[in-house]
Amino acid sequence: MESFEKPILKVNNLRKQFGNGCKKCEDMSEDVLDKNYCPECGTVYACQDVSFEVYNGEILGVVGESGSGKSTMMQCLYFDKEVTKGDAYISNYKDGKSNIFKESSQQKRYIRNNVLGKVYQNPILGLKMDFSAIGNIAEKLIASGNRKVDEMERRGNELLEHVNIPLFRSKEEPKNFSGGMQQRVQIAKALSNNPPILLLDEVTTGLDLSVQANVLDLIKKIQRELGISMIVVSHDLAVIRMLADRTIVMLNGKIIEKGLTDQILEDPQKPYTQQLVHSLL
Amino acid sequence: MENLLKIENLSKSFTLHNLGKHIKASQDINIDLKEGKFIGITGKSGSGKSTILKCIYRTYLPETGDIYYNSEKLGKVNISKISERKMVYLRKYEIGYVSQFLNVMPRTTAREIVKQAVLEMGYDDEHANKEAIKMLSHFELDKELWDSYPNTFSGGEKLRLNIARAMVKHPRLLLLDEPTASLDYDSKKKVKELIEQLKNEGTTMIGIFHDIEFMEGLCDEKFNMQAGKFI
Ligand SMILES: Nc1ncnc2c1ncn2[C@@H]1O[C@H](COP(=O)(O)OP(=O)(O)OP(=O)(O)O)[C@@H](O)[C@H]1O
Ligand SMILES: Nc1ncnc2c1ncn2[C@@H]1O[C@H](COP(=O)(O)OP(=O)(O)OP(=O)(O)O)[C@@H](O)[C@H]1O
Ligand SMILES: [Mg+2]
Ligand SMILES: [Mg+2]
Ligand SMILES: [Zn+2]
């Protein structure tokens, strides 16, 4: 039970701003920033003091309207973007005692390659389209220190099989693959180094419904069989309902509500969440 | 005997901000539920019955009052104030909820649905399959249906699948929301037998029935609701 309640990832007061700020917005008072930008200087506060935790083996859902800061938050966690402020701890990295945002770029690379996996909405961001499917996986394996070719090939094929990419297509370039297949290759790649945490940003958006169901089944299966913790960002509440135990709601860069997923959907407390749930259901 | 569940002055209302509405759903609810007992709740549509069960399951956030639950693993907890993570634990291992409507992943077979409930408790595939088969046969779901999708099932079949999914976890506390609604007489009788069976096995239950007479002889206590209150 104790480990059940121990977070694997803890994020405190994450802030990401674009722009330098001014006297007016510096103190981040509510009335100035009820939007996500300063009307005075135009600085965008994409994430404002975002704090949450992810527990061992759980899927945390993140919902919120377009521009609310969901992707920015995921990019900060994966070091695609540098945070302005805040700290984060991963229990599998230095015993959860080191603020990963403050680590050297070398250590950040290590974390990306060994502790985190990310799947992008747009496969172009997550895959090299002119490498073969298995080459994409090998690339990540090499980045995390593997050198043995036959070992990597075995692992690559095992992963592709796991995500239902037929073996005879593993040498093909993903640019020839369908959208759903590309997402599955991305997932295989993200899983290649057995990361304890997976970041999924709108992975089913743009896929047609039956392909979507297929990818969702895969995500569920991975969570169940491998016990990987995940953050799943989606504007599709059906996706969140299916996958997430707990959900946080973002608006203007802030978390405005959090709770058990069915509670967020059936008994939302905040006016904004009620509106969001009603508009999207 | 120990109380498994003790609800004190539970009230729940809904504020619908966009409509400027405030709805009082359940008010001043008190329940004492001892281990192995079965409480039946009845009342008119909209009187606040489901709201009580959903507060116990934390699908609804209780507003005022306390819901004490005596957990096997966590000890005595107050569900009104418990952490989300602990509630996830209780749902996974101790408290089951059977809703009137089956909502499951699309394109998932009956067998898979029941299996998944076992898998999420950390058992392996083989064990999950064995337990799933045991439950599906126990609740007399036609063998032909095991590997088909439930969206084509009849109301009674869906319901039995729903109960199988909840029961396969052997929850200590089972919440049943209208398990006999919209069933024909024979199916209703089956459900009654099933509840009796669960009771004999020691499961503690709260059930909502609009025709509670049908449960005659099974309920250890009955409540009638009107406008959010027990009368
Ligand atoms: N490089 C940048 N410069 C300035 N503003 C930016 C930059 N990148 C993002 N933003 C702003 O940050 C805010 C948050 O964007 P983000 O992409 O995180 O939103 P999102 O919640 O992922 O939205 P969506 O649902 O549309 O993907 C937006 O207002 C966006 O315009
Ligand atoms: N999620 C919700 N949001 C807003 N109002 C709700 C919600 N759930 C229930 N209510 C309202 O609370 C009141 C009680 O509803 P509840 O579902 O508890 O009734 P019930 O006794 O179970 O009725 P039925 O027999 O029709 O299922 C109703 O007025 C209902 O409209
Ligand atoms: Mg985004
Ligand atoms: Mg009801
Ligand atoms: Zn400013």
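Since the model is a prediction, treat every value here as computed from it, not as a measurement.

### Observations concerning the coordination of the zinc ion (ligand 5)
Residues and elements named next belong to chain A. Looking at the zinc ion (ligand 5), one finds its protein donor set to be Cys22 (SG), Cys25 (SG), Cys38 (SG) and Cys41 (SG), positioned 2.3 to 2.4 Å from the metal centre. Geometry at the zinc ion (ligand 5) is tetrahedral, judged from its four donor atoms and the angles of 105 to 113° they form at the metal. Looking at Cys22, the relative accessible area reads 17%, which means it is buried.

### Some details on helix H6 (residues 185–200) of chain B
Residue and element names in this part refer to chain B. With 16 residues, H6 should reach 22 Å at 1.5 Å per residue; the first-to-last C-alpha distance of 23 Å fits that figure. Along H6, the positions that sit buried rather than exposed are Ser187, Lys188, Val191, Leu194, Ile195 and Leu198. Each buried residue of H6 sits inside an arc of 115° when the element is viewed along its axis, so together they form one side. Residues of H6 that are exposed and point over 90 degrees away from its buried face: Tyr185, Asp186 and Asn200. In the core, the buried residues of H6 are packed alongside strand S3 (38–43), helix H5 (155–167), strand S7 (173–177) and strand S8 (204–208).

### Examining the pairing of strand S5 (residues 116–119) of chain A
Residue and element names in this part refer to chain A. Residues Leu116 and Lys118 line one face of S5 and the alternating positions Gly117 and Val119 line the opposite face, and both faces are buried. Sheet analysis places S5 next to strand S6 (residues 197–201), joined by four bridges and oriented parallel. Considered in S6, the bridge of Leu116 is made with Ile197.

### Re the sheet that holds strand S5 (residues 75–78) of chain B
Residues and elements named next belong to chain B. What the four strands build is an open sheet, ordered S2-S1-S4-S5; its pairing is antiparallel. Single-partner strands in this sheet number two, and they are strand S2 (21–34) and S5. Mean inter-strand twist for the sheet, computed between neighbouring axes without regard to direction, equals 20°. Note that strand S1 (residues 3–16) and S2 share ten bridges and pair antiparallel. Of the residues in S2, the one forming a bridge with Phe14 is Ile23.

### Details of the side chain of Thr59 of chain B
Looking at where Thr59 of chain B falls in the secondary structure, it is placed in the loop between helix H1 (49–56) and strand S4 (64–71). Judged by relative accessible area, which is 4%, Thr59 of chain B ranks as buried. Of note is the side chain of Thr59 of chain B, whose polar atom sits 2.7 Å from the side chain of Asp262 of chain A. With sequence-adjacent residues up to four places away left out, Thr59 of chain B is seen in contact with Asp262, Gln263, Glu266 and Asp267 of chain A together with Lys54 and Arg91 of chain B.

### Examining the sheet that holds strand S4 (residues 85–90) of chain A
Residue and element names in this part refer to chain A. Taken in spatial order, the three strands of this open sheet run S2-S1-S4, and their pairing is antiparallel. Two strands lie at the open edges of the sheet, namely strand S2 (44–55) and S4, each paired on one side alone. Averaged over all adjacent pairs, the angle separating strand axes in this sheet is 10°, with direction ignored. Two strands pair when backbone bridges link them, and strand S1 (residues 7–18) and S2 are joined in this way by eight bridges, in the antiparallel orientation.

### Quick notes on unusual backbone geometry
We note that Asn194 of chain A has phi near 50°; this positive angle belongs to a residue other than glycine. Positionally, Asn194 of chain A belongs in the loop between helix H7 (179–191) and S6. Taking relative accessible area as the criterion, Asn194 of chain A reaches 54% and is therefore assigned exposed. Residue His170 of chain B is not a glycine yet carries a positive backbone phi of 50°. Relative to the helices and strands, His170 of chain B resides in the loop between H5 and S7. Looking at His170 of chain B, the relative accessible area reads 49%, which means it is partly exposed.

### A short note on the confidence of the model for chain B
Here chain B averages 91 in pLDDT, while 97% of its residues score no lower than 70. ipTM for the predicted complex: 0.92, alongside a pTM of 0.93.

### Things to note about the site of ligand 2
Close contacts around ligand 2 come from 14 residues, with Ser45, Gly46, Lys49, Thr51 and Tyr60 of chain B the closest. Ligand 2 sits at the junction of chains A and B, each of which supplies nearby residues. Between ligand 2 and Ser45 of chain B there is a distance of 2.6 Å, counted from an oxygen atom to a side-chain nitrogen or oxygen. Here Ser50 of chain B contributes a side-chain N or O atom positioned 2.8 Å from an oxygen atom of ligand 2. If ligand 2 stood free it would expose 630 Å²; the protein chains cover 69% of that surface. Broken down by secondary-structure element, the contributors of at least two residues to the shell around ligand 2 are S1, S2 and H1 of chain B. Counting residues per element, the shell around ligand 2 draws most heavily on H1 of chain B, which supplies three residues. When the residues that make up the shell around ligand 2 are grouped by side-chain class, the tally is five nonpolar, six polar and three charged.

### Section: the interface of chain A and chain B
At the junction of the two partners, chain A supplies 29 residues and chain B supplies 28 residues. Surface buried jointly by chain A and chain B totals about 2600 Å² across both partners, of which 55% is contributed by carbon and sulfur atoms. If you look at where chain A meets chain B, you find seven salt bridges. We note a salt bridge from Asp267 of chain A to Lys12 of chain B, for which the minimum N-O separation is 2.7 Å. Taken together, the links from chain A to chain B amount to eleven residue pairs in polar contact (both at pLDDT 80 or more). Mapped onto the side of chain A that touches chain B, the elements with two or more residues apiece are helix H8 (209–226), helix H9 (237–243), strand S9 (254–260), helix H10 (261–266) and helix H11 (271–280) of chain A. Here the side of chain A that touches chain B gets six residues from one element, more than from any other, and that element is H8 of chain A. Class assignment for the residues of the side of chain A that touches chain B results in seven nonpolar, nine polar and 13 charged.

Definitions and cut-offs
Numbering of residues starts from 1 in each chain and follows the order in which that chain's sequence is written. Key to labels: chains lettered from A, ligands numbered from 1, both in the order written. Under the rules for a predicted model, residues below a pLDDT of 70 receive no local features and side-chain atom pairs below 80 are neither given nor counted, while totals for whole chains, interfaces and linings still include all residues. Side-chain metrics rest on all non-hydrogen atoms present in the structure, leaving aside hydrogens and water. Only nitrogen, oxygen and sulfur atoms count as donors, using a 2.8 Å cut-off from the metal that widens to 3.2 Å for Na, K and Ca. Water is left out, so coordination shells may look unfilled. The geometry test gives tetrahedral to four donors whose angles all lie between 85 and 135 degrees, gives square planar to four donors and octahedral to six donors whose opposite members are over 155 degrees apart with all other angles between 65 and 115, and gives irregular to the rest. Relative accessible area decides the class of each residue, using a 1.4 Å probe on protein chains only: under 20% of the type maximum gives buried, over 50% gives exposed, and in between gives partly exposed. Note on conventions: DSSP H or I runs of at least 4 residues are helices, E runs of at least 2 residues are strands, and numbering of each starts at the N terminus. A helix is expected to span 1.5 Å for every residue after the first. Here, the arc refers to the directions that run from the helix axis to the C-beta atoms. Whether two residues are in contact is decided by their heavy atoms, any of which lying within 4.5 Å being enough. Strands are treated as partners if at least two bridges between them are detected by DSSP. Simply put, an axis is a line fit to the C-alpha atoms, just over the touching stretch for a helix, and the angle between two N-to-C directions goes from 0 to 180 degrees. Any pair of N or O atoms that falls within 3.5 Å is considered a polar contact. Within protein, one atom must be able to donate a hydrogen and the other to accept it, and sequence-neighbouring residues count only if both atoms are side-chain atoms. As a per-residue quantity, pLDDT reports the predictor's confidence and falls between 0 and 100. Near, as used in this document, describes a residue that has one of its heavy atoms within 4 Å of the molecule or strand being considered. Throughout, the Shrake-Rupley method with a 1.4 Å probe supplies accessible areas, and for residues the shown protein chains are the sole cover considered. Polar here means any residue outside two lists: the nonpolar Ala, Val, Leu, Ile, Met, Phe, Trp, Tyr, Cys and Pro, and the charged Asp, Glu, Lys and Arg; Gly therefore counts as polar. The term buried area denotes the loss of accessible surface (1.4 Å probe radius) that occurs when two parts are joined, taken as the sum for both partners. Salt bridges are defined by distance alone: a side-chain nitrogen of Lys or Arg within 4 Å of a carboxyl oxygen of Asp or Glu.

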